Amino acid sequence: SGGGGSSSSSSRSSVGSPSAPAPARAADDDESLPPKRPPPKQQLALRPAPPPGPPPAPLPRPALAPAPLEEDERADGSSARPEARTSKRQAVLYRKDVECGLQVMDFGHLQTPEECDMMVADVPECGRFFMFSQSHPDWKCRCCAPDAENEGPKTPNWAVYQVQTLGAAKEKPEPGPGGGGGKEKYKVVVHSKRHECDEQAFNFGYAATPAKCDALVAGKAECGAHFMFSKDHPDWACRCCTRDGADDGPASVNWDVFVVQATLPENRRARPPVGVTDPLVNLPIAEGPRPKWLVKDDGLVIDGRANPEMGGGILILQAVLMDASKGWGKKQGFRPRWLRAILAANRAHARKYGHALILRGKPTQPQLTPWQVKQCGKKSPDQCTTDNERENFNWEKHLMLAEYLHSPQNFSHVMMLDADAAFIQQDHNTLKLISDILDGKGKDLFLTDEDWLKYGEGRINGGLILAKNTPFTRGLFLDTFDAHVLGPVPLKKGRIGVETLVCSSNEQICLNDLWKGGKGAHFAEHTMLAGGTKWNHGAESGGFDEPGVEILHFMGGAKGTADKVLCDGSRDVTGEGPTGYGCKT
């Protein structure tokens, strides 16, 4: 899915280097088995303090369970768990003012021991006893492990009860699609195996089976037509997806996404799946004919050059790749305001000073290299891709530099700028300043360090690279990307003259190794390292209102502040105001 441009095949192999090995996507290896349930001793709850002290800490969940969306109790204090069956028998007290010797599962806040009785009866991991506090039901219903009803600590306000309800899961057939227990047996329909919802709407708490979860989801207006459930760990809770949140969720070996079988109103029925989506959806791509010189599926944001047909000028590259976290956007078209603000600021700078700006929205396929596939072993291809996503997305930057330095447009300079970095000085031409510095020092490559950090001086940050179009830079990024494809196997006799080059980690480490690794005449003599405080300033330490800062880099947790700084700060650098693409809410 990374093809486009003038060629239908866009392999993640070297640009202009047919001899380099082409990486292959991982084969369908056997997927690893889900982990076994931890022994009950790992699930002991903390002993609750008697009133007026706090209730006990919740029992630990298995490590792979996602964090709950909300509390088990609704805002009005009522239970958000499924309504328990009406008990025909009164709860039978076994021992007073004691706890279980060993607890297995926490069922959340239930109002009566009779409700707790029937929840416990459905769970085979529980024994035939449970602990419950009638004076503090908010301490939750907790079942004892088999043969663990005795020897528990003495604690006022707790009591151990004997289960009176027969296991409903054993004595009744699963309800039909309507959830009402009709003769028609419930049949699960899996929408996405070994995945979670992309976006969850509601957490119902414990449900014993997919059928019970199905019935709960059908009755909740906030839910869409899908839910996620773990058959191996039903205690991880029944969770419904939003209407658009069933697809593209994270891979997870113990979760599946199911289709609701109960009848739903029209406004909640499943929508057709999102097909092949424009990777540049809701990005500020220019209208009009697509320039022929663009590579793959890249999109032109602005071409501010006076005579584009004559070629030359400075080109700015930014890769906006949707990752597993969905932080950069979703297939349905959502783009966060912080990202839009950054792109709008960069478009304004390119327009004003006659540069071209393009975006790449889809990584080159296949993403995985042969050594990464081998390293993943029996992991699924999806999991292997996710595990290597961050590094491969960063290597896409070097591939783009190599591609556009070889463009028939013959750009004078090509700049790679991380998509979370913005030009913030719109009153002068930042790129002209940098290119003049390069010419003055007789260098081909402009890099910046992280000197705004305590120990960052001299350490290259890979988020800003300005390459003058020379034989050195055209060869350099072919070499580094070839070395990435080879991984632990050294690249021999690179184009820039380096005898052996190994780039088996991220691209930033590769550049630092070239800079500090004794490559002298082959790399350092062509390269200059400038201070990041001025040219590539980490936004976590401020910098927007400092006149000496040219580019502000919103790395990591600072991303979410970019729109507040660029749109709502002391000045608007997007050039469009509060209703423009970048700043509108």
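As shown above, the structure is provided for reference.
Residues numbered from 1 in each chain as written. Predicted model: local features only at pLDDT ≥ 70, side-chain atom pairs only at ≥ 80, totals over all residues. Heavy atoms only, no water.

(A) Looking closely at the pattern of salt bridges. Here the structure, examined in full by the defined rule, presents 24 salt bridges. Here Lys140 and Asp106 are joined by a salt bridge, their closest N and O atoms 4.0 Å apart. With Lys140 in the loop between strand 3 (129-132) and strand 4 (142-144) and Asp106 in strand 2 (residues 103-106), this residue pair connects regions lying 34 residues apart in the sequence. For the pair Lys140 and Asp106, a shared accessibility class is recorded, and that class is buried. Taking the shortest distance from any N to any O, the salt bridge between Arg269 and Glu266 comes out at 2.8 Å. Judged by its relative accessible area of 55%, Glu266 is exposed. Connected via shared salt-bridge partners are Lys296, Asp298, Arg360, Glu396 and Glu403. (Salt bridge = Lys/Arg side-chain N within 4 Å of Asp/Glu carboxyl O. Helix = DSSP H or I, 4+ residues; strand = E, 2+ residues; numbered from the N terminus. Buried < 20%, exposed > 50% of the residue type's maximum accessible area, 1.4 Å probe, protein only.)

(B) How the structure looks around the packing of aromatic side chains. Evaluated as defined, the whole model comprises 12 aromatic pairs. Aromatic side chains Tyr94 and Phe129 sit 4.7 Å apart centroid to centroid with 55° between the ring planes, which places their arrangement in the tilted category. Pair noted here: Tyr94 is in strand 1 (residues 92-98) and Phe129 is in strand 3, with a separation of 35 residues, a long-range link. On the basis of relative accessibility, which here comes to 10%, the residue Phe129 falls in the buried class. Here the aromatic residues Trp293, Tyr404 and Phe411 are joined through ring pairs into a cluster of three or more. The ring of Phe202 carries the charged tip of Lys220 above its face, separated from the ring centre by 4.1 Å. Across from the ring centre of Trp535, 5.1 Å away, lies the NZ or CZ of Lys534, which sits over that ring. (Phe/Tyr/Trp six-rings, centres within 6.5 Å; stacked < 30°, edge-to-face > 60°. Lys NZ or Arg CZ within 6 Å of the ring centre and 35° of its normal.)

(C) Here's a closer look at the packing of helix 7 (residues 389-405) against helix 10 (residues 507-516). Closest axis-to-axis distance for the helix 7/helix 10 pair is 8 Å, and the angle between their directions is 60°. Accordingly, the angle class assigned to the pair helix 7 and helix 10 is oblique. Of the residues in helix 10, those touching helix 7 at Asn394, Trp395, Lys397 and His398 are Glu507, Cys510 and Leu511. Here the residues of the contact of helix 7 with helix 10 are counted per class, giving three nonpolar, two polar and two charged. (Axes fitted to C-alpha atoms, helices over the stretch in contact; angles between N-to-C directions. Parallel < 35°, antiparallel > 145°, perpendicular 65-115°, else oblique. Contact = heavy atoms within 4.5 Å. Nonpolar A, V, L, I, M, F, W, Y, C, P; charged D, E, K, R; others polar.)

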